[in-house]
Amino acid sequence: MKEFLESIQYSAFGLWVAGGDTIFAFPFILVLHTVGLGIVVGMSAIIDCRVLGMGRSVPLVDLRRLFRTMWWGFGLNAVTGTVLFISEAADKAYQKIFYVKLAFIFLALLTMTRIRHNVFGETADVNGPMPQNAKTLAIASLFLWMGAIVAGRLMAYTQTF
Amino acid sequence: MAAFVTWLRDTAVSQAFRGPQEWLWPVFESLHFLGLALVLGVAGFFDARLMGFMKRIPLRKAAEFLPLAKVGFLINLTTGLYFYISSPFQYSFNIAWWYKVAAIVIAVVNAGFFELMLKSRMVTLRDDQDPPISFRIVGVLSLLAWLNVLFWGRMLPFWSPPGGGADL
């Protein structure tokens, strides 16, 4: 395993990302990863807060497209996240907090798909009252994204985590 | 500049901020990223609507989510001031930090202009009416300014002065 991780980290691509003499390598990929974070968590926050009672005058069906935007943001971060991981594979793979972050993201996305289905879905009653568990899902989503952000931030503290 | 920064670093507040609670810095960093997501996501959503996307949602209804962006901005202003007051040397001599501050000023002035000059017009807009050109310009400017804030914020560690500016 270690050999594999080192082989991708020290591949020509991995080395370029980590140390390429241009801001379009690591710094810019990190910027894109942060833009993706803003899109994913921002769209989720709007959806969650709508479920929790904010912006009630906006019909639920009109917010459906925010899920698509959220998935585009997630796609961006899956790609940029993979590239960032490659550039530090042999280090990041041994940070427990990295797996905590992935678990938070997985659970947060799972929660979002439940909200999409239960509250915004084609079979959901988008004009009637919210399903009973809608608010629980929205609150869970907010906490799970916060968890993903905290874990992601702590990945920078390689000495401790 | 150096005199001001030295004075600030030696104030009781700055020293207290640098106190033994080492966990506070990463906690505030995490909150700073949450605030970033709220500002970029929610302001970006409204900016896109100002530009004419998502026309099914009337502009004044889309505006009902703006308090979320304002909360995000307040979180980031608070945590950002904490970072600066804690380590003024780390930022004051970093050109990326000045670009970031400039971008924040542009974004805030732009949002203030919308709030004071255009919001009254927004309320009278018909639901299916295309946003006027002034709305589109404000939307584009806002998105560009916030993306610049993010970009230069991310550049801070890559543009840091010699020695990280820690003990200048």
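### Details of the overall build of chain A
Looking only at helices and strands, one finds 7 helices and 0 strands in chain A. Walking chain A from its N terminus toward its C terminus, one meets helices and strands in the order α-α-α-α-α-α-α. Looking at chain A as a whole, 33% of its 161 residues qualify as buried. Of the contacts formed within chain A by residues at least 6 apart in sequence, a portion of 80% connects residues at least 24 apart.

### Some words on the interface of chain A and chain B
Each partner contributes to the interface: chain A provides 26 residues, whereas chain B provides 25 residues. Listed by contribution, the elements that provide at least two residues to the side of chain A that touches chain B are α3 (26-51) and α7 (134-154) of chain A. Tallying contributions element by element places α3 of chain A first for the side of chain A that touches chain B, with 14 residues. Residue composition of the side of chain A that touches chain B, grouped by class: 18 nonpolar, 5 polar and 3 charged.

### Looking at the nonpolar core
Of all hydrophobic cores here, the largest spans 64 residues; its most connected members are Ile46 and Ala148 of chain A together with Ala37, Leu38, Val39, Val42 and Trp146 of chain B. No other element matches the 14 residues that helix α3 (residues 24-51) of chain B contributes to this core. With residues up to four places along the chain from it excluded, the contact list for Val39 of chain B reads Ala69, Gly72, Phe73, Asn76 and Trp146 of chain B.

### Examining the packing of α3 of chain A against helix α4 (residues 64-87) of chain A
Residues and elements named next belong to chain A. Direction vectors running N to C along α3 and α4 enclose 150°, while the axes themselves pass 8 Å from each other. With respect to each other, α3 and α4 are oriented roughly antiparallel. Remark: the crossing between α3 and α4 carries left-handed chirality. Its residues assigned to classes, the contact of α3 with α4 shows 17 nonpolar, 9 polar and no charged.

### Some details on the environment of Arg60 of chain B
Residues and elements named next belong to chain B. Residue position: Arg60 is located in helix α4 (residues 59-62). A count of 14 C-beta atoms within 10 Å places Arg60 in the partly exposed class. Along the backbone, Arg60 and Leu125 are 65 residues apart, and their C-alpha atoms lie at a distance of 8.4 Å. The residues touching Arg60, leaving out its near neighbours within four places in the chain, are Met122 and Val123.

### Thoughts on the confidence of the model for chain B
Across chain B, pLDDT averages 92, with 95% of residues at or above 70. As a predicted assembly, this complex carries a pTM of 0.94 together with an ipTM value of 0.94.

### Some words on α3 of chain B
All names here are of chain B. Helix length check: α3, at 28 residues, gives a terminal C-alpha distance of 39 Å against a target of 40 Å (1.5 Å per residue), a fit within 8%. Burial runs high along α3: 20 of the 28 residues are buried. Looking at the residues trailing α3, positive phi occurs at Gly52, about 110°.

Definitions and limits used
- Residues numbered from 1 in each chain as written.
- Chains lettered and ligands numbered in written order.
- Predicted model: local features only at pLDDT ≥ 70, side-chain atom pairs only at ≥ 80, totals over all residues.
- Helix = DSSP H or I, 4+ residues; strand = E, 2+ residues; numbered from the N terminus.
- Buried ≥ 20, exposed ≤ 12 C-beta atoms within 10 Å, placed from the backbone.
- Contact = placed C-beta atoms within 7 Å.
- Nonpolar A, V, L, I, M, F, W, Y, C, P; charged D, E, K, R; others polar.
- Core = buried A, V, L, I, M, F, W, Y, C linked by C-beta atoms within 7 Å.
- Axes fitted to C-alpha atoms, helices over the stretch in contact; angles between N-to-C directions.
- Parallel < 35°, antiparallel > 145°, perpendicular 65-115°, else oblique.
- Left-handed = near helix turned anticlockwise from the far one by under 90°.
- pLDDT = per-residue confidence, 0-100.
- Expected span 1.5 Å × (residues − 1).

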